[in-house]
Structures are given as C-alpha cells and as structure tokens.
Amino acid sequence: MDKQKGRGRFVFFCVAPATILFFIFVVFPTINVFRMSLYKWGGFSANKSFVGLENFKNLMKDAKFFQSFQNTVLIIALVTMVTLIFALTFAGILVRAKMKFKNFFRVIFYIPNILSMVVISAVFSAILDQRNGLLNGILSIFAGKEVSISWLGSQKTVIYSMVIVLIWQAIGYYMVMYMSSMSAIPESLYESADLEGVGPIKQFFTITLPLIWVNIRTTLSFFIISSINMSFLLVQAMTQGNPDGGSEVFLSYMYKQAYTNGSYGYGMAIGVIVFTFSFGLSAVINAVTKRDVIEF
Amino acid sequence: MKSSKTGIILGKTITYIALVLLALSIIVPVGWVFFASVKENSEFYRNPWTLPKGFHYQNFIDAFEKANMQNFFLNSIIVTAIALAFLLVIALPAAYVLSRYKFKGQKFLNVCFMAGIFVNLSYLVVPIFLMLSEADKFLGKTFGIKQLFLNNQVVLSLVYASTSLAFTIFLLSSYFKTLPKDFEEAAYVDGATYFRTMVSIMFPMAKPSILTVILFQFLAYWNEYALALTLMADEKKYTLSVGLLNLMNAQKAAATYGQLYAGLVVVMLPTFILYMLVQKQLTQGMTAGGVKG
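Bear in mind the structure is a predicted one, so any value in this text is a computation, not a measurement.

Digging into the overall build of chain A
- Looking only at helices and strands, chain A has 12 helices and two strands in total.
- If you list the helices and strands of chain A from N to C, you get α-β-β-α-α-α-α-α-α-α-α-α-α-α.
- Relative to the compact-globule value of 19 Å for 296 residues, chain A shows a C-alpha radius of gyration of 24 Å, a clear excess of over 25%.
- The C-alpha extent of chain A, read off along each of the three principal axes, is 80 × 75 × 35 Å.
- Residues classed as buried in chain A amount to 52% of the 296 residues present.
- Of the contacts made within chain A by residues no fewer than 6 positions apart, 67% connect residues no fewer than 24 positions apart.
- In the structure as shown, chain A presents an accessible area of about 13,800 Å², 66% of it carried by carbon and sulfur atoms.
- Side chains of chain A give 23 positive and 13 negative charges; the mean places of these two sets differ by 8 Å.

And the structure:
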C-alpha cells in the first residue's frame, strides 16, 4: 500500500494544519513565556529591554508573590488530599457495595463538572454572602441567633472557602474516573477474598487500591495541574484576589501583573516559576508513588 | 455473626447518609439558582431559604432584553460551533495519520502533541493576547487594516480549537490505533484513494470517540471565559460567560439579582440538556482516552 501515488502529499495535508496551528497558538506562546521573563517590557510599548534574571530577583523580594505561592500550595495540598479520599471512598462503595440508587448518585455527583466556573462562583458567592447568604442562614437557625460571618471577606476564611468550592467541583470527576477503573477489576478476585473471609474494608485496601494504583498516580498529576488552573478561574470570577491578596493564587497574580498591571516581563517570570514548580512537583510525586505495576 | 450484621447495617447507614449529604450539597445550590431565577427582586432581601412566591418570568425577559443576554447567547453559540468545526476538521485527519501512518518526523510530532497536553491554556492567555495585538498593530501600520485578530469571533474559535488540539489528537489517536489494518487494505485493493478511505471508512468507525470529543469540548468552549474576556473587549462580542461575569460585578452595585440568576439558568440549561441526553457517554467517555488503571 505504500506504493500508491500521493502518499506523501496526503500525509502532509493531513498533519500540516494541526501542526502549524499548534505551533502558533501553543508552542510559540509557551516559548514566549520563557523568553519574555528575561525582559522588562510593558506589553504595549515598543521598548523592550533585556534585564537577564532581574525579574526573578525582584520576585524573591515580592511579598505578594509569596502570599500567592503559599495560597496555591495550600490549595493543591488540601484539595488533593480531601478530594482523593472522598472520591476513592465513594467510588469504592458505589462500585462494590450493593447499593440502591447507584446510578442516581453517579449522575448527580458529576454535575459540578459540567457547570461553568462563572456559575459556580455566582452560586457560592450567594451561599457565602455575609448578609443574605444561604450558609449564614442555616447557621443562624442552628445557633438561634443572627450569624454574620464574612466567608469571602476575611483573610482567614477566604482561602478555605475556595478550597471547599474546588473540592466540591472536583469530587464527581475523580469519582467517576476511579469508578470506571475499579469496575474493570475482575469479580473473581473479590469472590475468593469473600470465601477466605476478608472483610470489605480490607478488600478495598488489599485488592482495589493496589490494582488501580496506576490510575491514582495519573490523577495526582491532574490534581496539581487542575488545582493551579481552577483556582485561577475561581479567583478571576469570584474574589479577584480580595481581600488584599488573601485569595491570590499563582496564575491570578501572573495575570494581574502581565495584563492588568502592564508588567509583562515580570508576569512571565511568575509564569516560568509556576511552570517549573508544577512540573517539578509532578515529577517528585510521580517518583515517590512509583510501585511495581500489578496487572490483573 | 450477629455483631457483624449490625456492623454492616451501621456501615451502610453511614454511607447512605454521606452519599445523600454530598448529593444534597450539589442539588440544593443548583436548584436554588433555578428558584432564584423566578423570584422578584424584593424577595432577595428576605430569608434566602424561602421558595419563590410566584413564577416571575420577567427576570428572563429583562436578562434577554436589558442585559443583552440574547446577544451573548448568540455569540456563545457561534463561537462554540465554529470552534468545534475547526477542531474536528483539523484534528481528525491529523490524529488518523499520526496514529496509522509511518513517516519522517512522525515520532517528533507525536512527542510534541503529547507534551502539549500538559500546557495549560491559563498560562497562555496573556501571551496569545499580546501576539494578536501585535499582529493587529503590524497590519494597521502596513495595510491600514483596523483590527483583525482581536475582537474577532473566528479568531477566538481558532484559538480554542488550536489549544485543545493536543488533547483531542491524543484521544482520537488512541482510538484509531485500536482499529485493525484490514479495512484500509481492503479499501486500497478496491482502488479508493487515501482521502476517501479516511473520510468514508475510518472516520465513521471512530464515531464513539468523536462524540466524546464533541461532548467534552462543547462543555469546555461553552464555559470558557478567561480567554474570551481577554481577547474580546468589545461588549457586542461578549460570550455568555463573560457577559454574566460582568453582570455579576454590576450586581454588587445595582442589585439586579433576578436578571443575574436568570442569566445563570440560561448559561446552565444547554449544558444540562446535553448532560441529560448523553450522561452515560460523558461519564464513560473519560476512559475512552485510554487512561485505564
């Protein structure tokens, strides 16, 4: 079949458009992030000046940057741990236990995933609102007096509010993912464990978890990448970094510097750090969680 | 034996309670938005837990007419549709050839696209914006064209499609790889050209994974706003999400709650309808890309 005429031309015309667009809109801007981090440039003016690593040196002195760093790390750690535990537990229960309404729960839990971040932030702004919020409304009923906590307005609570929103948003997605890899495990393994009198909780830890370990490892990288990304979208739509940087995260600070503030080079330096950080963290976690692959 | 039985019942009860609580935490807020969208403005200042007094559909009329939602809605449909069309036309042939033909540079391209999966659109928003604004400046200087790349729905769609190419090609390729070679060989024996074989034999066979791509990317494009917000400064070109975001910020001052919630329902409804229609495909399609454990 290699002899047919025009094979080369066919291959070229199939691959070229995708390759060209990919280079223009993904590869080139990515390279630009790295290159421009070495320049001092406002973005709109013509004068760019090469400053070497000065942007990075300034970053090290930037308290706001460290605040966004801290917030991001906190979000990644909390969201990953809580979501992972909940998603695995619920997936394990829904796949293994003979439960009613199994499918109903799966359908409901996935809903946050189809919602726009704009909708999510509007909903949670309404829930967490200090005066007319649903949450303070419930708390008032239980406390028997007017509760007026400013969930999004205080430095202490805003970041945890965001963590809860992000967990709420992510659980269903990961649960569905774990469910599909769990249901691929052959029933016979559980049957023989049943015969030997191994309880369901022990089965979960000795059969289910080791067999979907590869899948869990993959999702750990997803967690890192998507926490960084989702927290940015949430900040953009819900808090804009308020109060006073209390909810600022990596990419929202980058966007603020590069776009709103007009220090493009400085913003890109943040981008480089975020890039390196997320890749480095993924690599470390990947190495730490490496186990021999168990096949079934 | 007896104690283990009560243990099981207890465990089951606890799990049901946990599952129901989580389900409620999703149903209540989403349902609340639907209820809030038909409340009158004065109702928002009372207890948020009360049900709407009547069906105040005026909110929807206001949202469409006063808050320009009809315009934004149309823009979102246009951008999403064009982006999906771009994506399929560009990604399908590429995925097919990359997965089933051997040629020079194939490995390199596969590695490139694979790496592209890990590049997040959020990093690229500002660089893409500046690239397009520089291109506009250049065109303005040399040809006197006012503005071509920014505030252009087709360009926005093209950027959407381009930035999701890597993932889509990965998803489609892994499906094409599983198809046996016999089909193509038979087609060549019958004298079909490469192009015909691809379009009328291989693409129809990839229908399930094409559907998965359409579903996922529809949601992604329909809900996206960081890029749309940055590239489309012209209010007439806003997509629904950006328009809503504006309304949300305006609402803090103007208190047009009813319109806001009506707008939220408008942006949610299409995704809900789609979800109900293809819920199975969507929750199972996640493994179609070969992320099997």
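As for the overall build of chain B
- Each helix and strand counted, chain B has 13 helices and zero strands in total.
- Listing every helix and strand of chain B by position from the N terminus yields α-α-α-α-α-α-α-α-α-α-α-α-α.
- Whereas a compact globule of 293 residues would reach a radius of gyration of roughly 19 Å, chain B reaches 24 Å, over 25% beyond that.
- For chain B, the C-alpha atoms occupy an extent of roughly 80 × 75 × 35 Å along the three principal directions.
- Each of the 293 residues in chain B was classed as buried or not, and the buried ones make up 51%.
- Sequence-distant contacts in chain B: of pairs separated by 6 or more residues, those separated by 24 or more amount to 71%.
- Here chain B contributes 23 positively and 13 negatively charged side chains, and the mean placements of these two sets differ by 10 Å.

A closer look at the confidence of the model for chain B
Residue and element names in this part refer to chain B.
- Of the residues in chain B, 92% have a pLDDT of 70 or more, and the chain-wide mean is 86.
- Confidence, expressed as mean pLDDT per element, reaches its minimum in chain B at helix α12 (residues 240-254) with 81 and its maximum at helix α6 (residues 153-163) with 96.
- Across residues 288-293, where pLDDT falls below 50, the model places 15 contacts with residues more than four positions away in sequence or in other chains.

Here's the deal with the packing of aromatic side chains
- This structure, assessed with the given rule, holds 41 aromatic pairs over all chains.
- Here the aromatic rings of A:Phe232 and A:Tyr255 are separated by 5.9 Å at their centres, their planes lie at 50 degrees, and the arrangement is tilted. A residue pair is termed long-range when its members are at least 10 positions apart, and A:Phe232 in helix α10 (residues 213-239) and A:Tyr255 in helix α11 (residues 250-260) qualify at 23 residues.
- Relative accessible area serves as the criterion here: at 0%, A:Phe232 is assigned to the buried category.
- Assessed through its relative accessible area of 7%, A:Tyr255 is described here as buried.
- Aromatic ring contacts, followed pair by pair, group A:Phe10, B:Tyr96, B:Tyr101, B:Phe176, B:Tyr188, B:Tyr194 and B:Phe203 into a single cluster.

Looking at the interface of chain B and chain A
- Counting from both sides, the interface comprises 92 residues of chain B and, opposite them, 91 residues of chain A.
- In total, chain B and chain A occlude about 8,200 Å² of area from one another, counting both sides; carbon and sulfur atoms represent 76% of this.
- By the criterion of area lost to chain A, the three top residues of chain B are B:Leu19, B:Tyr123 and B:Tyr194, representing 10% of everything that side buries.
- If you look at where chain B meets chain A, you find zero salt bridges.
- When residues of the side of chain B that touches chain A are assigned to their parent elements, the largest contribution, 15 residues, is made by helix α1 (residues 2-36) of chain B.
- The residue inventory of the side of chain B that touches chain A, partitioned by class, reads 65 nonpolar, 18 polar and nine charged.

What to know about helix α1 (residues 7-36) of chain A
- In this model α1(A) runs 41 Å from its N-terminal to its C-terminal C-alpha over 30 residues, within 8% of the 44 Å that 1.5 Å per residue would give.
- Along its length, α1(A) reaches its greatest deviation from straightness, about 40 degrees, at A:Phe23.

Regarding the nonpolar core
- By size, the foremost hydrophobic cluster in this structure holds 188 residues, and its most contacted members are A:Tyr178, B:Tyr96 and B:Phe176.
- When residues of this core are assigned to their parent elements, the largest contribution, 16 residues, is made by helix α7 (residues 155-182) of chain A.

Considerations on a nonpolar patch on the surface
- Together, A:Ile138, A:Phe142, B:Ile17, B:Val20, B:Leu21, B:Leu24, B:Val28 and B:Trp49 line one region of the surface with nonpolar side chains, adding up to about 740 Å² of accessible area.
- By residue number, the principal contributor to the nonpolar patch is α1(B), which donates five residues.
- Position of B:Leu21 among the secondary structure elements: in helix α1.

Some thoughts on the pattern of salt bridges
- Under the definition given, this model contains four salt bridges over all chains.
- A salt bridge links A:Lys256 to A:Glu248, with the nearest nitrogen and oxygen atoms 2.9 Å apart.
- With a relative accessible area of 6%, A:Glu248 lands in the buried category.
- Between B:Arg100 and B:Glu184 there is a salt bridge, with its nearest N and O atoms 2.6 Å apart. You can see B:Arg100 sitting in helix α3 (residues 69-100) and its partner B:Glu184 sitting in helix α8 (residues 182-189), a full 84 residues away along the chain. The two residues B:Arg100 and B:Glu184 agree in class, both being buried.

As for the environment of A:Leu211
All names here are of chain A.
- Tracing the backbone shows Leu211 in helix α9 (residues 200-211).
- Given the relative accessible area of 7%, Leu211 is considered buried.
- In this structure the C-alpha to C-alpha distance between Leu211 and Val293, which are 82 residues apart in sequence, comes to 8.1 Å.

Overview of the packing of α1(A) against helix α4 (residues 106-116) of chain B
- Remark: α1(A) packs on α4(B), axes separated minimally by 12 Å, with the N-to-C direction vectors making an angle of 45 degrees. Relative to α4(B), the element α1(A) lies oblique. Seen from above, α1(A) lies across α4(B) with left-handed handedness. For the pair α1(A) and α4(B), contact is made by A:Val15, A:Ala18, A:Thr19, A:Phe22 and A:Phe23 and by B:Leu109, B:Cys112, B:Phe113 and B:Gly116, respectively.

Details of the side chain of B:Thr80
Residues and elements named next belong to chain B.
- Residue placement: Thr80 occurs in helix α3.
- Residue Thr80 is classed as buried on the basis of its relative accessible area of 3%.
- Beyond its immediate stretch of four places on either side in the chain, Thr80 contacts Phe218, Tyr221 and Trp222.

Overview of the side chain of B:Glu184
Residues and elements named next belong to chain B.
- Taking relative accessible area as the criterion, Glu184 reaches 1% and is therefore assigned buried.
- Within the structure, Glu184 has its side chain in polar contact with the side chain of Tyr96 (distance 2.7 Å).
- Leave out the neighbours within four places in its chain, and Glu184 touches Tyr96, Arg100, Thr197 and Met202.

What counts as what
Residues numbered from 1 in each chain as written. Chains lettered and ligands numbered in written order. Predicted model: local features only at pLDDT ≥ 70, side-chain atom pairs only at ≥ 80, totals over all residues. Heavy atoms only, no water. Helix = DSSP H or I, 4+ residues; strand = E, 2+ residues; numbered from the N terminus. Rg over C-alpha atoms; globule rule 2.2 N^0.38 Å. Buried < 20%, exposed > 50% of the residue type's maximum accessible area, 1.4 Å probe, protein only. Contact = heavy atoms within 4.5 Å. Areas by Shrake-Rupley, 256 points an atom, 1.4 Å probe, with all protein chains shown as cover. Lys, Arg positive; Asp, Glu negative; His and termini not counted. Charge placed at Lys NZ, Arg CZ, Asp CG, Glu CD. pLDDT = per-residue confidence, 0-100. Phe/Tyr/Trp six-rings, centres within 6.5 Å; stacked < 30°, edge-to-face > 60°. Buried area = accessible area lost by both parts, 1.4 Å probe. Salt bridge = Lys/Arg side-chain N within 4 Å of Asp/Glu carboxyl O. Nonpolar A, V, L, I, M, F, W, Y, C, P; charged D, E, K, R; others polar. Expected span 1.5 Å × (residues − 1). Bend = angle between axes of the 7 residues up to and from the residue. Core = buried A, V, L, I, M, F, W, Y, C linked by side-chain atoms within 4.5 Å. Patch = residues over 30% accessible without salt bridge, like charges linked within 9 Å, V, L, I, M, F, W, Y side chains within 5 Å. Axes fitted to C-alpha atoms, helices over the stretch in contact; angles between N-to-C directions. Parallel < 35°, antiparallel > 145°, perpendicular 65-115°, else oblique. Left-handed = near helix turned anticlockwise from the far one by under 90°. Polar contact = N/O pair within 3.5 Å; in protein donor to acceptor, adjacent residues only side chain to side chain.

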